[in-house]
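Structure at a glance
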Amino acid sequence: MSKLRVAVLGAKGRIGSEAVRAVEAAEDMELVAALGSGDKLETLVVAGAQVAVELTTPASVMGNLDFCVRHGIHGVVGTTGWTEDRLAQLKGWLAQSPETGVLIAPNFSIGAVLTMKFAEVAAPYFESVEVVELHHPNKVDAPSGTATRTAQLIAAAREKAGSVPQPDATVTALDGARGADVGGVPVHAVRLRGLLAHQEVLLGGEGETLTIRHDSLHHSSFMPGILLGVRRVVTAPGLTFGLEHFLDLK
Ligand SMILES: NC(=O)c1ccc[n+]([C@@H]2O[C@H](COP(=O)([O-])OP(=O)(O)OC[C@H]3O[C@@H](n4cnc5c(N)ncnc54)[C@H](O)[C@@H]3O)[C@@H](O)[C@H]2O)c1
Ligand SMILES: O=C(O)C1=N[C@H](C(=O)O)CCC1
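Numbering of residues starts from 1 in each chain and follows the order in which that chain's sequence is written. Each chain gets a letter, beginning with A, and each ligand a number, beginning with 1, in the order they are written. Residue-level local features of this predicted model are given only where pLDDT is at least 70; pairs of side-chain atoms are given and counted only at 80 or more, and the full residue set underlies all totals for whole chains, interfaces and linings. Here the side-chain values reflect all heavy atoms present in the structure, with hydrogen atoms and water set aside.

As annotated in an unreviewed UniProt entry, the chain carries the name 4-hydroxy-tetrahydrodipicolinate reductase and comes from Streptomyces lannensis. Under the UniProt heading Sequence similarities (unreviewed entry), the note attached to the chain is "Belongs to the DapB family." Taken directly from UniProt, the Pathway (unreviewed entry) text for the chain runs: "Amino-acid biosynthesis; L-lysine biosynthesis via DAP pathway; (S)-tetrahydrodipicolinate from L-aspartate: step 4/4." UniProt positions are given in the numbering used here, feature names are shortened, and annotations may be inferred rather than shown by experiment.

As structure tokens, this is what we get:
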């Protein structure tokens, strides 16, 4: 069987360098390009890349995906910064290239995907829910893509269940003290040397609390999800948002 021809964009970065090693070690994949900032995207075409693993920055990801989709190169995207406008633009590009697939995974680690799922299930059963994400201080975006997605899933689950707004008597607060508001769910971002990627979902009801916590302790935690994404995206045209769809968790 022929090997999947894979490129990594952001190959010198924290997660990109780990992804380069993971693709090189995968028996069913061949690493055909490893691009860093300033490298020419045409290299992907010359190298015959079938899938580009996109692990760059919110400032670079759209240009890279525009190029990939126009050239029929599937995308496995871990880069953050996704807004409704950006998603709509990407869907427009994919509509022009109907055989191309792009997976955007706010988080590739199985524990984080399960955290999101568990939070979505639990949210309607508690009056209060807040998300705390904790990351290394070199992270350029806040809140994390994972926390934003978690809060969106919680908000949607609560709306579907007809939950009332959360209790909160705050009348005066310093800016930021109650976190960012994502669909009515407060999201708090901690940046701390020594950490990698961590998240707590705090749920509270009368006389009880439930805490769902996940810790990524090493970038290796994201690699099985990236490799799964590469294997599955080639037969999944259009946009897939969330690794859970390739884990049959939905
Ligand atoms: N989805 C997940 O599971 C997951 C896990 C970890 C990190 N991330 C995300 O991945 C992204 C990268 O994180 P990081 O910690 O590795 O950051 P990083 O700063 O260490 O790496 C980013 C790399 O991309 C390079 N780059 C920038 N523009 C480029 C371009 N146009 N072409 C090629 N390379 C380019 C930079 O030079 C840098 O080496 C962030 O958005 C982060 O949030 C996602
Ligand atoms: O280290 C990062 O940066 C991470 N980014 C993703 C996010 O913003 O959710 C995933 C976790 C690690």
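1. Describing the site of ligand 1
Arg14, Ser60, Thr80, Ala105 and Phe108 are the nearest of the 21 residues found near ligand 1. Glycine 13 is positioned with one of its backbone polar atoms (N or O) 3.5 Å from an oxygen atom of ligand 1. Contacts described as polar in this section are N or O atom pairs within 3.5 Å, which, within protein, must combine one atom able to donate a hydrogen with one able to accept it, while residues neighboring in sequence count only if both atoms come from side chains. With respect to ligand 1, the side chain of serine 60 contributes an N or O atom lying 2.7 Å from a nitrogen atom. In short, Shrake-Rupley with a 1.4 Å probe defines the accessible areas, and a residue's cover is counted only from the protein chains shown. Contact with the protein chains covers 80% of the free accessible surface of ligand 1, which is 860 Å². Side-chain classes follow a simple rule in which Ala, Val, Leu, Ile, Met, Phe, Trp, Tyr, Cys and Pro form the nonpolar group, Asp, Glu, Lys and Arg form the charged group, and the remainder, Gly included, forms the polar group. Classifying every residue of the shell around ligand 1 gives seven nonpolar, 11 polar and three charged. Working definition: residue near molecule or strand if any one of its non-hydrogen atoms lies within 4 Å of it.

2. Topic: the packing of helix H3 (residues 61-70) against helix H4 (residues 84-95)
It is the contact of H3 with H4, at a shortest axis distance of 9 Å, that shows an interaxial angle of 15 degrees. Here H4 runs roughly parallel to H3, going by the angle between their axes. Of the two possible hands of crossing, H3 and H4 adopt the one that is right-handed. Side by side, H3 and H4 meet where Val61, Met62, Leu65, Asp66 and Val69 of the first sit next to Arg86, Gln89, Leu90, Trp93 and Leu94 of the second. For the contact of H3 with H4, the residue count by class is seven nonpolar, one polar and two charged. Only C-alpha atoms enter the line fits that serve as axes; for helices the fit covers just the stretch in contact. Angles between N-to-C directions range over 0 to 180 degrees. Put simply, DSSP H or I for four residues or longer makes a helix, DSSP E for two residues or longer makes a strand, and each gets a number counted from the N terminus. Throughout, the term roughly parallel applies to angles under 35 degrees, roughly antiparallel to angles over 145, roughly perpendicular to angles from 65 to 115, and oblique to all others. By the definition used in this description, the sense in which the near helix is turned from the far one sets the handedness, with an anticlockwise turn below a right angle giving left-handed and a clockwise turn giving right-handed. Only heavy atoms enter the contact rule, under which two residues are in contact if any of them lie within 4.5 Å.

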